[in-house]
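Tertiary structure, described
The chain contents come next:
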Amino acid sequence: MRDFDYAAPTTLADAVTLLSRGNGAARPLAGGTDLIDHVRTGRLAPDTVVDIKKIAELNVLEAGPTGLRLGAAVPCYRVYGHAAIVSDYSALADSGHIIGGVQIQSRASFGGNVCNSGPAADSTPSLIALGAMCVIAGPKGTREVPAEEFCTGPGKNVLQPGELLVEFRMPAPAKNSGSHYRRFIPRNEMDIAVVSVAASVTLDDAKQKIIAARISLGAVAPKPLLATDAAAVLIGQSPTDDVLAKAADAARKIATPITDMRGTAEYRTHLVGVLVTRVVQAAVTRAKGEKLDYRPGH
Amino acid sequence: MCHWLCQCLGVRSKKDEEHWQSQWHTGNRERHDLLRIMATIRQIQKAPTMSKKRVVSTTINGNATEFLCEPRQTLLEVLRSVLNMTGTKEGCTNGNCGSCTVLLNGRPVTSCLVLAVEADGASVRTIEGVACGSHLDPVQQCFLEGAALQCGICTPGFIMQTEALLEQNGHPTEADVRFHLAGNLCRCTGYDKIVRSVLAAAELKRCEATT
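In this text the structure is predicted, and so the values were computed from the model without any measurement. (Residues numbered from 1 in each chain as written. Chains lettered and ligands numbered in written order. Predicted model: local features only at pLDDT ≥ 70, side-chain atom pairs only at ≥ 80, totals over all residues.)

1. Notes on unusual backbone geometry
Residue and element names in this part refer to chain B.
- A positive phi is found at T93, a non-glycine position, where the angle reads about 55°.
- Even without being a glycine, Y191 presents a positive backbone phi close to 75°.
- Assignment of secondary structure puts Y191 in the loop between helix 7 (174-180) and helix 8 (192-210).
- Of the residues examined, Y191 has 16 C-beta atoms within 10 Å and is grouped as partly exposed. (Helix = DSSP H or I, 4+ residues; strand = E, 2+ residues; numbered from the N terminus. Buried ≥ 20, exposed ≤ 12 C-beta atoms within 10 Å, placed from the backbone.)

2. Brief notes about the packing of helix 6 (residues 155-168) of chain B against helix 8 of chain B
Residues and elements named next belong to chain B.
- Where helix 6 meets helix 8, the closest approach of the two axes is 11 Å, and the angle between their N-to-C directions is 45°. Taken together, the axis directions place helix 6 and helix 8 in an arrangement best described as oblique. Crossing hand, helix 6 versus helix 8: right-handed. Residue-level contacts link F158, T162 and L166 of helix 6 to I194, V198, A201, A202 and K205 of helix 8.
- Taken together, the residues of the contact of helix 6 with helix 8 sort by class into six nonpolar, one polar and one charged. (Axes fitted to C-alpha atoms, helices over the stretch in contact; angles between N-to-C directions. Parallel < 35°, antiparallel > 145°, perpendicular 65-115°, else oblique. Left-handed = near helix turned anticlockwise from the far one by under 90°. Contact = placed C-beta atoms within 7 Å. Nonpolar A, V, L, I, M, F, W, Y, C, P; charged D, E, K, R; others polar.)

3. Re helix 4 (residues 75-82) of chain B
All names here are of chain B.
- The set of residues buried in helix 4 consists of L75, L76, E77, V78 and L79.
- Each element contacted by the buried residues of helix 4 is listed here: strand 2 (63-69).
- Positioned one or two residues after helix 4, N84 has a phi angle of 55°, which is positive.

4. As for the interface of chain A and chain B
- Tallying the contact residues gives 26 residues for chain A and 25 residues for chain B.
- Contributing elements (two or more residues each) for the side of chain A that touches chain B: strand 1 (5-7), helix 2 (35-41), strand 3 (48-51) and helix 6 (102-105) of chain A.
- Taken together, the residues that form the side of chain A that touches chain B break down as 10 nonpolar, seven polar and nine charged.

5. Things to note about the environment of A:A221
Residue and element names in this part refer to chain A.
- For A221, the location among the structural elements is in the loop between strand 13 (210-218) and strand 14 (225-226).
- Along the backbone, A221 and P119 are 102 residues apart, and their C-alpha atoms lie at a distance of 6.7 Å.
- Once you skip the residues sitting within four places of it in the chain, A221 turns out to touch P119, A255 and T256.

6. Some details on the sheet that holds strand 2 of chain B
Residues and elements named next belong to chain B.
- Spatial strand order, 2-1-5-3-4: five strands in an open sheet with mixed pairing. The two strands at the open ends of the sheet, each matched to only one other strand, are strand 2 and strand 4 (107-110). Here the average twist between neighbouring strands, direction ignored, is 40°.
- As defined by bridge partners, strand 1 (residues 54-60) adjoins strand 5 (residues 123-125) across two bridges and the pair is classed as parallel. (Pairing = 2+ DSSP bridges.)

The following block contains the structure:
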């Protein structure tokens, strides 16, 4: 592997200074599951690798009455091992369970997955569906960007040189709400999504009608999408087959997938409809407080 | 050709390039000479920026261990090449095959995707630390009896990954085992014998715990 220097700052200010000074040649290291591979293959050529795992702000994992704070360097296993995330932010746990294998989940972080900005990233749709804000620190101070605006294209995002993603903040779940993330792959695990969908829904007091919904699509556009129209179809409705079919249609309309070895554009567009239907149904099941019959990867 | 070679190898100073041009023109253009020149240029390129070696203090299989490494060296590289612990195997070097799995602070990780400097202050458990003297661990015993290996390259990784599973879940189902071992690839066995051996090891561990 090419030569580089290593720094492990313990404060956010030091990390931002190191990244700014590097002027693009310094790269942050969280789990390293993408970075180390990219350096080895020559796709990235950093002069300095800044290990951000010793910074308290990037390791925060707190669920409380004001919502969830998820540090950008928190590895997947801590996400799906957190009781409040499993019960109240279930889509995040669903994502964490299927990012790579167990060894990857020991190291890989949601922050790294989002910053890598792959169109098929497994964590981004869940964060979008749960209304996450990305907190970014940089030389000019701190700013916040909604998760759906963070990625701008394959491998591209809003981070400017010297900026560092610090944490995700999500609002506390409303009463009678539930969420789910699912992807289609030809096998059960260790693959990249052909299509993925995340949804969060909130039901009324009678648990009959949907009063709020957010749906996000992955792997069908240059970046993960927020399907606003598909979610709007659900508002005020009971999740009947007819309503779900209309939401699926609306979601299909914004999908602009490519044809590659994982599937054709037509196939992916079809899958968007299938997954939107199933994922919204699953989110409704959870919103009702019922147990969802779902095994990670299936 | 020589200018092109210098460009490709990143020789940017005019002086360096002139030096290598003269080497090129006076030397034999045989392949081994070309390779020697390329290797020397690479060394020159590397030398001025070489990062300082770091001292890393870890606990490996219960023993306090210090080693020197460059930031760019992976934990896998250091285990095998610096510490001569060659039980951990190198497979794909990109985190897909799981053959380099070790436990870092109790969690299974692919050591090809961990920088050795990151292991400072951490505890590492490798395949060398699984058996107790000449007494095999239940997982090793069951892999042996269940013929869960053929060529053996993937085996240390599978055993470490199984150790991690059985520490968390003493009663895994077949589906649990297959899901947990998804990050380990084996090209010989077809996995069935591995899965059966893991289930047998879980049972053996339970029996040992009750007796």
